[in-house]
Amino acid sequence: MTTRQNCGGEAPAPKPEFFTRSYLLLCGGVGGSKLADGLARILPSGRLHVVVNTGDDFTHLGLRICPDLDTVAYMMAGLVSRERGWGREDESWSAMDALCSLGGPDWFQLGDRDLALHVLRSHWLRQGATLSEAMARVASGLGLKHVPQPMSDQAAPTEIETGQGLLPFQEYFVRQACRPVATKVHYGAADSAVAASPALSKALNDPDLAGVIIAPSNPILSIGPMLALAELRAFLNQGRVPAVAVSPFIGQAVVKGPAAKIQAELGLAPGDSGLCSLYAGWLSGLIVHADAVTPAPTGLPVPLRACNTLMLNAADRERVAREALDFLESLS
Ligand code: FO1
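The structure contained in this document is the topic of the report that follows. Quick caveat: nothing in here was measured; it's all calculated off a predicted structure.

A few words now on the overall build of the protein chain. Tallying secondary structure elements over the protein chain gives 12 helices and 15 strands in all. Whereas a compact globule of 332 residues would reach a radius of gyration of roughly 20 Å, the protein chain reaches 19 Å, a difference of no more than 12%. Dimensions along the principal axes, computed over C-alpha positions, put the protein chain at roughly 60 × 45 × 40 Å. Relative to its 332 residues, the protein chain shows a buried fraction of 54%. A separation threshold of at least 6 residues defines the contact pool for the protein chain, and within that pool the share at least 24 residues apart is 69%. Summing over all exposed atoms, the protein chain offers an accessible surface of approximately 13500 Å²; the carbon and sulfur share of this is 55%. Of the side-chain charges in the protein chain, 27 are positive and 32 negative, and the distance between the mean point of each set is 3 Å.

Take the site of the ligand next. Neighbouring the ligand are 13 residues, the closest being Asp56, Asp68, Phe108, Gln109 and Gln170. One nitrogen or oxygen atom from the main chain of glutamine 109 is found 2.8 Å from an oxygen atom belonging to the ligand. Among the secondary structure elements, those contributing two or more residues to the shell around the ligand are helix H2 (67-76) and helix H6 (169-175). For the shell around the ligand, the class distribution of residues is eight nonpolar, two polar and three charged.

Tallied over the entire structure, the rule returns five aromatic pairs. Plain terms: the ring middles of phenylalanine 169 and phenylalanine 173 are 5.2 Å apart, the flat faces sit at 15° to each other, and that makes the pair stacked. Placement of the pair is phenylalanine 169 and phenylalanine 173 together in helix H6, with a separation of four residues, close to one helical turn. A residue is classified by how much of its surface remains accessible, and phenylalanine 173, at 33% relative accessible area, is partly exposed. Each residue in the set Phe58, Trp107 and Phe108 is aromatic and connected to the rest through ring pairs, giving one cluster. The ring of tryptophan 86 has arginine 84 sitting right over it, with the charged end atom 5.0 Å from the ring centre.

All right, on to the packing of helix H1 (residues 30-42) against H2 then. For the pair H1 and H2, interaxial distance at closest approach is 8 Å and the crossing angle is 40°. The angle between H1 and H2 places the two elements in the oblique class. Seen along the crossing, H1 lies across H2 with a hand that is right-handed. Within the contact between the two elements, H1 uses Val30, Ser33, Lys34, Ala36, Asp37 and Ala40 and H2 uses Thr71, Val72, Met75 and Met76.

Let us now look at the nonpolar core. Membership of the largest hydrophobic core comes to 43 residues, with the highest contact counts inside it found for Leu25, Leu35, Leu39, Val50 and Ile213. When residues no more than four places from it in sequence are discounted, the contact partners of leucine 35 are Leu25, Ile213, Ala215, Pro216, Val246, Met311, Val320 and Ala321. Among the nonpolar cores identified, the runner-up in size contains 41 residues, and Val51, Leu200, Met226 and Val241 belong to it.

With a phi angle near 50°, alanine 177 is a residue other than glycine that sits in the positive phi range. Among the structural elements, alanine 177 can be located in the loop between H6 and strand E9 (182-187). Judged by its relative accessible area of 40%, alanine 177 is partly exposed. Its identity is not glycine, yet cysteine 178 carries a phi of approximately 60°, on the positive side. Mapped onto the secondary structure, cysteine 178 falls in the loop between H6 and E9.

Its location among the elements puts serine 197 in the loop between E9 and helix H7 (198-204). A relative accessible area of 1% means that serine 197 is categorised as buried. If sequence neighbours within four positions are ignored, serine 197 has contacts with Ser132, Pro150, Met151, Ser152 and Asp153.

What helix H9 (residues 230-238) keeps buried is the set Leu232, Phe235 and Leu236. For H9, the angular spread of buried residues about the axis comes to 95°, placing them on one side. In H9, the exposed positions angled more than 90 degrees off the buried face are occupied by Ala230 and Gln238. Turning to H9, the residues buried within the fold contact strand E2 (22-27), H7, strand E10 (209-214), helix H8 (219-227) and strand E11 (243-246).

Rules used throughout
Residues numbered from 1 in each chain as written. Predicted model: local features only at pLDDT ≥ 70, side-chain atom pairs only at ≥ 80, totals over all residues. Heavy atoms only, no water. Helix = DSSP H or I, 4+ residues; strand = E, 2+ residues; numbered from the N terminus. Rg over C-alpha atoms; globule rule 2.2 N^0.38 Å. Buried < 20%, exposed > 50% of the residue type's maximum accessible area, 1.4 Å probe, protein only. Contact = heavy atoms within 4.5 Å. Areas by Shrake-Rupley, 256 points an atom, 1.4 Å probe, with all protein chains shown as cover. Lys, Arg positive; Asp, Glu negative; His and termini not counted. Charge placed at Lys NZ, Arg CZ, Asp CG, Glu CD. Near = heavy atom within 4 Å. Polar contact = N/O pair within 3.5 Å; in protein donor to acceptor, adjacent residues only side chain to side chain. Nonpolar A, V, L, I, M, F, W, Y, C, P; charged D, E, K, R; others polar. Phe/Tyr/Trp six-rings, centres within 6.5 Å; stacked < 30°, edge-to-face > 60°. Lys NZ or Arg CZ within 6 Å of the ring centre and 35° of its normal. Axes fitted to C-alpha atoms, helices over the stretch in contact; angles between N-to-C directions. Parallel < 35°, antiparallel > 145°, perpendicular 65-115°, else oblique. Left-handed = near helix turned anticlockwise from the far one by under 90°. Core = buried A, V, L, I, M, F, W, Y, C linked by side-chain atoms within 4.5 Å. Arc of directions from axis to C-beta.

Structure representation (structure tokens):
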């Protein structure tokens, strides 16, 4: 497969017709939020559908927590904690301190300002708003040009089968820090009763849709829950538009998170090779990482484009976003 090398140089500026087309981004949390921000900086409002994984969502202390939606929203608002990758930069922890002193659980940290979002969203949901409607209000409150929307308005929890039995996602991911060995991952969206959200359905039926971009999120834990949605899988398998993924791997490791570990535990090939097997049948191309010390992977079954996929600042986020748009154009 041809691999165009473009390590860290400026990606070509998108051509004018890009602005009459729209794109669907499928993303998880930390890695996905960076590409979401890069694309949001380039594409006009209405030309980018940002659809986010909700398999990590859970109810904690009576609050509906939506980690990936919030990480994407905070990143696009310029509020996300750079150190943690989730939650807010400008944060204090008085509520958590008081909660713990009263004997409450401390394994899931909720900052004071972050709590405001959870309290408000949970209040709207209890009033009968859908998660899509609640996120539109959150986006408005944060002054976002693009509204991160859930993959579904129904709960579709991801559960991890381990030696300790079936673990709810945050119990596995945060409370046990991904230590348990995963033997199977259950996707709530595999239940046919779980429908694509209005925003996802709108994107799939958008006549201007020119491509799908899979963010550099965990293929199994963050993208897998969305691929479990029959409507999305059917659309991708149709191949009406090209679909490119940005790899979360640097060599066979990832910048952050358990992607390499869980891929090995589930018997998949490591790194991009395992990713290609998970996205087999519909992936049109893969943007892989290459830099002075890490050569691009070879022998993968799809067209590759190599660049420095590390997104350490806004300029990087825009550069990788332009690379993805340009790659889609070349595959159209
Ligand atoms: N991740 C942690 O590792 N520890 C936490 O205490 C924690 C709290 C938290 C609060 C709000 C939120 O939106 C995300 C939070 N996360 C925390 C991150 C989250 O659990 C994971 O990043 C995602 O679910 C994985 O994609």
